[in-house]
Amino acid sequence: MGAAGGLRAGLLAGWIGLLAGCGPDYAESQVEVGRQNCRLMDICGDLEVIGYTLDECIAAAEAQDYDEDKTCPDYVPRQMQECLDAWEAAVTLEQCEADLSDACRVCG
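Please read all numbers here as calculations on a predicted model, not as lab measurements.

(A) A look at the packing of helix 2 (residues 26-43) against helix 6 (residues 77-92). Close contact between helix 2 and helix 6 brings their axes to 9 Å; oriented N to C, the two are set at 15 degrees. Comparing their axes, helix 6 and helix 2 come out roughly parallel. As helix 2 packs across helix 6, the resulting crossing turns out to be left-handed. Listed contacts from helix 6 to Tyr26, Ser29, Gln30, Glu32, Val33, Gln36, Asn37, Arg39, Leu40 and Ile43 of helix 2 are Met80, Cys83, Leu84, Trp87, Glu88, Ala90 and Val91. Within the contact of helix 2 with helix 6, the residues separate by chemical class into 10 nonpolar, four polar and three charged.

(B) Main features of the packing of aromatic side chains. Applying the stated criterion across every chain, the model contains one aromatic pair. Both rings, one in tyrosine 26 and one in tyrosine 75, keep their centres 5.1 Å apart while their planes meet at 75 degrees; by these two values the pair is edge-to-face. Residue tyrosine 26 is found in helix 2, and its partner tyrosine 75 is found in the loop between helix 5 (68-71) and helix 6; the two are separated by 49 residues along the sequence. Pair check on accessibility: tyrosine 26 and tyrosine 75 agree, each one buried.

(C) Representation of the environment of aspartate 99. Along the chain, aspartate 99 falls in the segment after helix 6. Its relative accessible area of 61% is what places aspartate 99 among the exposed residues. In sequence terms aspartate 99 and tryptophan 87 are 12 residues apart; their C-alpha atoms lie 9.8 Å from each other. Here the side chain of aspartate 99 touches serine 101 through a polar contact of 2.7 Å, side chain to side chain.

The rules we used
- By convention here, each chain's residues receive numbers from 1 onward along its written sequence.
- A pLDDT threshold of at least 70 governs which residues receive local features in this predicted model, and a stricter bar of 80 or more applies before side-chain atom pairs are shown or counted, although totals over entire chains, interfaces and linings include all residues.
- To get the side-chain values, take all heavy atoms of the structure and skip hydrogens and water.
- As a rule, the C-alpha atoms of each element are fitted with a line to give its axis, helices using only the stretch in contact, and angles between N-to-C directions run from 0 to 180 degrees.
- A run of H or I in DSSP becomes a helix once it reaches four residues, and a run of E becomes a strand once it reaches two; helices and strands are each numbered from the N terminus.
- Here is the rule for angles: anything less than 35 degrees is roughly parallel, anything more than 145 is roughly antiparallel, 65 through 115 is roughly perpendicular, and the remaining ranges are oblique.
- Note on convention: the crossing is left-handed when the near helix lies turned anticlockwise from the far helix by less than a right angle, right-handed when the turn is clockwise.
- We call two residues in contact whenever any of their non-hydrogen atoms come within 4.5 Å of each other.
- Residues are grouped as follows: nonpolar covers Ala, Val, Leu, Ile, Met, Phe, Trp, Tyr, Cys and Pro; charged covers Asp, Glu, Lys and Arg; every other residue, Gly included, is treated as polar.
- A pair of aromatic rings is counted whenever rings of Phe, Tyr or Trp (Trp by its six-membered ring) have centres within 6.5 Å, and the orientation is called stacked for planes under 30 degrees apart, edge-to-face for over 60 and tilted otherwise.
- The rule is simple: take the accessible area with a 1.4 Å probe, protein chains only, and divide by the maximum for that residue type; under 20% is buried, over 50% is exposed, in between is partly exposed.
- Distance and chemistry together define a polar contact, namely a pair of N or O atoms within 3.5 Å, with one atom able to donate a hydrogen and the other to accept it when in protein, and with adjacent residues in sequence counting only for side-chain atoms on both sides.

Next up, the structure:
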C-alpha cells in the first residue's frame, strides 16, 4: 500500500473510531501527524535544509514515544481528528506556511 493508501486507511480508521465513540488512538494519530509534517516539509523543500530524506523523517516520526498518559492525559479525540484533517489539507494544498497549532490542540 502506498503512502496515500496508508493515509486513507489511517483516516478511515479514525472516522470509524469516531463513529464508534472512542475517536482516533492518541499514539497512532501522533505518528500520523509526524508523517504528514514530514510530507509537508518535503513538498516545501525544508527536508533538504535539515539534511533528511522523506523516508528518514518518517522513520524518526514513527520511532517517537507518544505516551498519552505522560504527555496528554486529558486527550480530546474529536480534536485529534480535526488536527489530522487539517494536516491532510495542508499537504494536499501544499500550504507551506500553514499554522496548525489551533487545530492540533488535542490535550484539553
